[in-house]
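# Chains, contacts and geometry: an overview
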Amino acid sequence: MDNFATDIKKYLEKIFGNTIDEASERQIYQALMVITRDRLAEKRFESNKKLKESQQKRVYYMSMEFLVGKTLRNNLYNLGYEDEIKHFLAKHGFSLERIYNIEPDPGLGNGGLGRLASCYMDALTSNDYPIMGFSILYEFGIFKQVISDGWQQEYPDNWLDLGRYGLLYRNDEEIEVKFYGNTKEEWSSEGLHIRYEDYTAIKAEPYDLFISGYDSDTVNVLRLWKSKATGGFNMKLFEKGEYSKSLESEAIAESISKLLYPADDNDNGKALRIKQQYFFTSASLQQIVKNHYDTYMTLDNFAEKVVIHINDTHPSMCIPELMRILMDEYEYSWDKAWSITTKTFAYTNHTIMAEALEKWSVDLFQPILPRIYTIIREINNRFCKWCNDIGAAGELDEMSIIHNNVIRMANLCIVSSYSVNGVSMLHTEILKKDTFKSFNRIYPGKFINVTNGIAHRRWLGQANPELTRYLNKLLGVDFIKDLSSIDKLLEYQDDKAVLEDLENIKNIKKLQLAEYIKSSTAIKVDTNSIFDVQIKRLHEYKRQLLNALHIIYLYRMIKFNGLKPYPRTFIFSAKASSGYVMAKNIIKLICSISEIIEADPIVREYIKVVFLEDYRVSLAEKIIPAANVSEQISQAGKEASGTGNMKLMLNGAVTLGTMDGANVEIHNAVGQDNIFIFGLSSEEVEELFKNDYRAIDYYNNNQDIKETIDFMRTLDNGHTNFNYIADYLVSTDPYMCLADFESYKNTQKIVEDTYQDKGKWNKMSLVNIAKSGIFSADRATKEYVEKIWKIEKIK
Ligand code: 475
């Protein structure tokens, strides 16, 4: 550590010509980022050496998104340097906390799927497993959200400006990726050869982000590819005097890694998205195959040494790409290549929403990736033939990979992977019984469940140091190392002093959040009120609208019916995909309610609504420890798992939710008495849907719903009214907010009453913390290791 301090001083002298006492915070930040990165690079060298020597099996985790969150705190925490650096900097008048704030959130993801990938990288590294992540170095991550007059506006997130110091450019490992052109089949005495001509080559430049582990010697790598035009600009065009055209093609090449698509459902039909997917999967596969070949001088044992995990279908072009490399570059026959391929890939599905299952039209796909297309077509032909042979031809409408001139990527993944998993018990059941039921019949045992988990070291250890310190002292077990030991807390469920201590810690976190709320929205909130939190992407199926409708109900009851509820602060934070009109309208509705309540001297004594802009990992880290109620109110059957629900529980919030996704397992863990469940079950939702859900009947038959919706129509602050949303709720809403309203409203009342019994509430909160062990990413990744990957720790 002495060294670390010396390194900081040296860096400041060398790069900025400053002593530490002359340095700016910005300079200290850069020094810390670079030195930490270099320390990790050294550790990486050692752990990689062991990995090479052991020749053990490795996992490559392919994901279009990794929502890594800030790295500096995480790395210093994991390396065990945090306290010493804090003191060293304090001696020179700097606050480490302020330095941490300089780092931008690397927003290389949209939401749950991307954050899950990062939680898993962290957990696997802490547990010494060999994993390497691959993704794209988006120049612009998820947009910055600014709320202006209640409307979401999107601004570019130029995270590399300050974020680049954590990256190491590996110019020695550049790779070329080819697009467009034509393939020619050539027969010779040695058999069929594919010649690929007139293609456009693009360079993939690798940038490595080191992933540290907690109290471990292992350092893993997340490799991010950046696209570059080959050779600057097109010399042929340049010589012909077509300067601007030559620059144009350069701009197109580099646009591939320009930005992250900001939709967490799927934007079908975008050529740039296809290029992004192929760009990063091809570069990664070429790298993986080369590494393997350099080590073993053969690819025959590829599947014994390599697992490639595909995080949803976005990286599914890995599959035909491996086939292409094996056949076109290493001269394997189809059958041999297929045998290797089908033993290499494992696929996780994260969604059953039909519109989010990726499909590409052949007309769009084929010209961009002609060779990859012919391989997919051949996989499909052989699959269809096999289905005929086994008597499953009748189900090909559901199962064929290419159907009505559309390529169904999930089907490609299922046919080609040795393992397919869902992300919660309920989700996996729905995959098996409904979404992919024919596949489940012809591939018995291929579908398995691995319930999601979260990196508790970040979401408790770092986000809530107050609670962590307290539990450490109280329990005397190292639950940061092993979260399952946190269940020792159950011994204190009737200990008044402990329950009060927990309440006091919650209040400290509420106070901190209240200060943040005041500074960012100017709204003053009462920390004695219930902090009721719904934070997640904005989606109709997640039903922020149901929450808003209930708030409007309360508003009306307080204003006109003398209702005096226990004070509550409803906290929302959510980004809407930029083209998602309804989602943006819902944000506007929530912001308008917030404004109307603030302007009402009576109502604002009881309820407040806060919409915090720019939801991101670092904001979640502020909100979650302060929450009393965790709103997980998706329509049953729609949320594959949820992971925010686990983070909130871990920090002592009590779930108010439907029987959906991992809520079901939270319910099983804490028991009926420590959770608030409401609403239709997923079977009941299905039933009602089949029998023609008629929202208007709920409006006509339920006085509260009628009055609330009528009142919603009168909420007209200036130029906006919400007739549009009211009409939707009483007519087409497929997520059936009205069907669950009565049950939600009643359960909200129970939440309110329970909260006032402080002893009871604190005990519920304690049980939630104590039972959160199974939701650790350590447990989840251990299941991947044992059930799917069959890998061992680095020796
Ligand atoms: C589920 N993102 C959560 C979480 O398993 C679940 C889709 C298309 C393009 C880009 N991003 C996406 C998702 O589908 C996604 O985030 N899914 C979420 O994955 C982790 O907990 O229920 O909605």
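Residues numbered from 1 in each chain as written. Predicted model: local features only at pLDDT ≥ 70, side-chain atom pairs only at ≥ 80, totals over all residues. Heavy atoms only, no water.

## A few points about the overall build of the chain
Along its length, the chain carries 34 helices and 23 strands. A globule of 795 residues ought to have a C-alpha radius of gyration of about 28 Å, and the chain, at 27 Å, matches this closely. With respect to the three principal axes, the spread of C-alpha positions in the chain is 90 × 70 × 60 Å. Sequence-distant contacts, at least 24 apart, represent 77% of the contacts inside the chain between residues at least 6 apart. As displayed, the chain offers around 30700 Å² of accessible surface, 49% of which is attributable to carbon and sulfur atoms. (Helix = DSSP H or I, 4+ residues; strand = E, 2+ residues; numbered from the N terminus. Rg over C-alpha atoms; globule rule 2.2 N^0.38 Å. Contact = heavy atoms within 4.5 Å. Areas by Shrake-Rupley, 256 points an atom, 1.4 Å probe, with all protein chains shown as cover.)

## What to know about unusual backbone geometry
Despite not being glycine, Asp215 has its phi angle at roughly 50 degrees, a positive value. Relative to the helices and strands, Asp215 is located in the loop between strand S9 (200-212) and strand S10 (219-229). Despite not being glycine, Arg543 has its phi angle at roughly 60 degrees, a positive value. Take Arg543: it is sitting in the loop between strand S18 (530-535) and helix H23 (544-561).

## Quick notes on the packing of helix H10 (residues 271-296) against helix H12 (residues 318-329)
In helix packing, the relevant descriptors are the interaxial angle and the interaxial distance, both defined with respect to the helix axes. Interhelical geometry of H10 versus H12 gives an angle of 45 degrees and a closest axis separation of 9 Å. With respect to their mutual orientation, H10 and H12 come out oblique. Viewed along their axes, H10 and H12 form a crossing whose handedness is right-handed. Residues Tyr278, Thr281, Ser282, Leu285, Gln286 and Val289 of H10 touch H12, and the partners they reach there are Cys318, Glu321, Leu322, Arg324 and Ile325. Grouping the constituent residues of the contact of H10 with H12 by class yields 6 nonpolar, 3 polar and 2 charged. (Axes fitted to C-alpha atoms, helices over the stretch in contact; angles between N-to-C directions. Parallel < 35°, antiparallel > 145°, perpendicular 65-115°, else oblique. Left-handed = near helix turned anticlockwise from the far one by under 90°. Nonpolar A, V, L, I, M, F, W, Y, C, P; charged D, E, K, R; others polar.)

## Some remarks on the site of the ligand
With respect to spatial proximity, 18 residues lie near the ligand, and among them Asp264, His350, Asn452, Glu639 and Gly642 are the closest. Between the ligand and Glu639, the relevant distance is 2.6 Å, taken from an oxygen atom to a side-chain nitrogen or oxygen of the residue. With respect to the ligand, the backbone of Ala640 contributes an N or O atom lying 3.3 Å from an oxygen atom. Protein chains shield 95% of the accessible area of the ligand, which is 510 Å² for the free molecule. The residues that make up the shell around the ligand include at least three from each of domain 1 (55-70 + 105-452 + 782-788) and domain 2 (526-775). (Near = heavy atom within 4 Å. Polar contact = N/O pair within 3.5 Å; in protein donor to acceptor, adjacent residues only side chain to side chain. Domains from an automatic or database assignment.)

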